[in-house]
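Residues per chain are reported as follows:
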Amino acid sequence: LLFFIFLAVTSQGALISYAAQWYKTKKHQKLSKPWNHGLRHFWNIFFINVLRKVLLVLLLVAIGFALNKLIYSEGLPQGFIFAAGLMLVLFIALFVSIISVYALCALVVDDKGLGGAIKKAWSIFSEHLLVSLEVGLVLMLLNFLLALVVIVGSFIAFLPAMLIWIAAGITNTV
């Protein structure tokens, strides 16, 4: 598990570094330089990713508590409050994801420290608010679509086995 975490974090830094160098020079380069660049920023990249995951899990817990209150409450106003709260939580999750991506790029490309990367991420986000929200929303919708495709594909893949299992249960031939 630790090896895969190391590989994922270092690869993320290497991918950012490689893409930035290709954008600047329009030439492909050896993978060793971006890999070493990602390796140099391992702990900062790891910290930003962990921080993002912790914040997103806390937001998920907040949605869970709100959903629990909605299920056990009666009335239409609570539904509207839950819907507004859900939209707020989704917006905050989108904001956290965008800031973390900008911070990772500032960290790897500009060799900023952790604080400097977060400050630059905030600066980029505030200067390009509409574009950031549009791209973040498109990426969120694409992630949702990908999850839907995986769920439907899994259902289709396991449908024959489920039908055989149901038929065996009905006919008592197991």
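Before reading further, recall that the structure is shown in the block above.
Since the model is a prediction, treat every value here as computed from it, not as a measurement. (Residues numbered from 1 in each chain as written. Predicted model: local features only at pLDDT ≥ 70, side-chain atom pairs only at ≥ 80, totals over all residues. Heavy atoms only, no water.)

**Looking at the overall build of the protein chain**
The helix and strand tally for the protein chain stands at six helices and zero strands. Going from the N terminus to the C terminus, the protein chain shows its helices and strands as α-α-α-α-α-α. A compact globule built from 174 residues would reach a C-alpha radius of gyration of about 16 Å, whereas the protein chain, at 22 Å, exceeds it by more than 25%. In terms of principal-axis extent, the alpha carbons of the protein chain reach across some 65 × 50 × 30 Å. Residue burial in the protein chain is summarised as follows: out of 174 residues, 22% are buried. By sequence separation, contacts in the protein chain at least 24 residues apart represent 65% of the contacts at least 6 residues apart. Accessible surface computed for the protein chain: about 12600 Å², of which carbon and sulfur atoms make up 78%. (Helix = DSSP H or I, 4+ residues; strand = E, 2+ residues; numbered from the N terminus. Rg over C-alpha atoms; globule rule 2.2 N^0.38 Å. Buried < 20%, exposed > 50% of the residue type's maximum accessible area, 1.4 Å probe, protein only. Contact = heavy atoms within 4.5 Å. Areas by Shrake-Rupley, 256 points an atom, 1.4 Å probe, with all protein chains shown as cover.)

**Side note on helix α3 (residues 42–71)**
In an α-helix, one turn spans 3.6 residues; hence positions three or four apart end up facing the same way. In a regular helix each residue adds 1.5 Å, so 30 residues correspond to 44 Å; α3 covers 43 Å between its end C-alpha atoms and thus fits that length. On its buried face, α3 sits against α1 (2–25), α2 (32–40), α4 (76–109) and α5 (114–127). (Expected span 1.5 Å × (residues − 1).)

**Remarks on the side chain of serine 132**
Inspection of the secondary structure assignment puts serine 132 in helix α6 (residues 129–171). For serine 132, a relative accessible area of 2% translates into the label buried. Serine 132 has contacts with Ile98, Tyr102 and Phe125, leaving out every residue within four places of it along the chain.

**Comments concerning the pattern of salt bridges**
In this structure the tally under the stated criterion is one salt bridge. Of the charged contacts, one joins aspartate 110 and lysine 120 as a salt bridge, the two residues approaching to 2.3 Å between their closest N and O atoms. Linking aspartate 110 in the loop between α4 and α5 with lysine 120 in helix α5, this pair joins segments that are 10 residues apart in sequence. (Salt bridge = Lys/Arg side-chain N within 4 Å of Asp/Glu carboxyl O.)

**Focus on the packing of aromatic side chains**
Summed over the entire model, instances satisfying the criterion amount to nine aromatic pairs. Geometrically, the ring pair formed by phenylalanine 95 and phenylalanine 125 is edge-to-face, given 5.2 Å between the ring centres and 70° between the ring planes. Residue phenylalanine 95 is found in helix α4, and its partner phenylalanine 125 is found in helix α5; the two are separated by 30 residues along the sequence. Owing to a relative accessible area of 26%, phenylalanine 95 belongs among the partly exposed residues under this scheme. For phenylalanine 125, a relative accessible area of 4% gives the class buried. Three or more aromatic residues joined by ring pairs make a cluster, and in this case those are Phe6, Trp35, Phe42, Trp43 and Phe46. (Phe/Tyr/Trp six-rings, centres within 6.5 Å; stacked < 30°, edge-to-face > 60°.)

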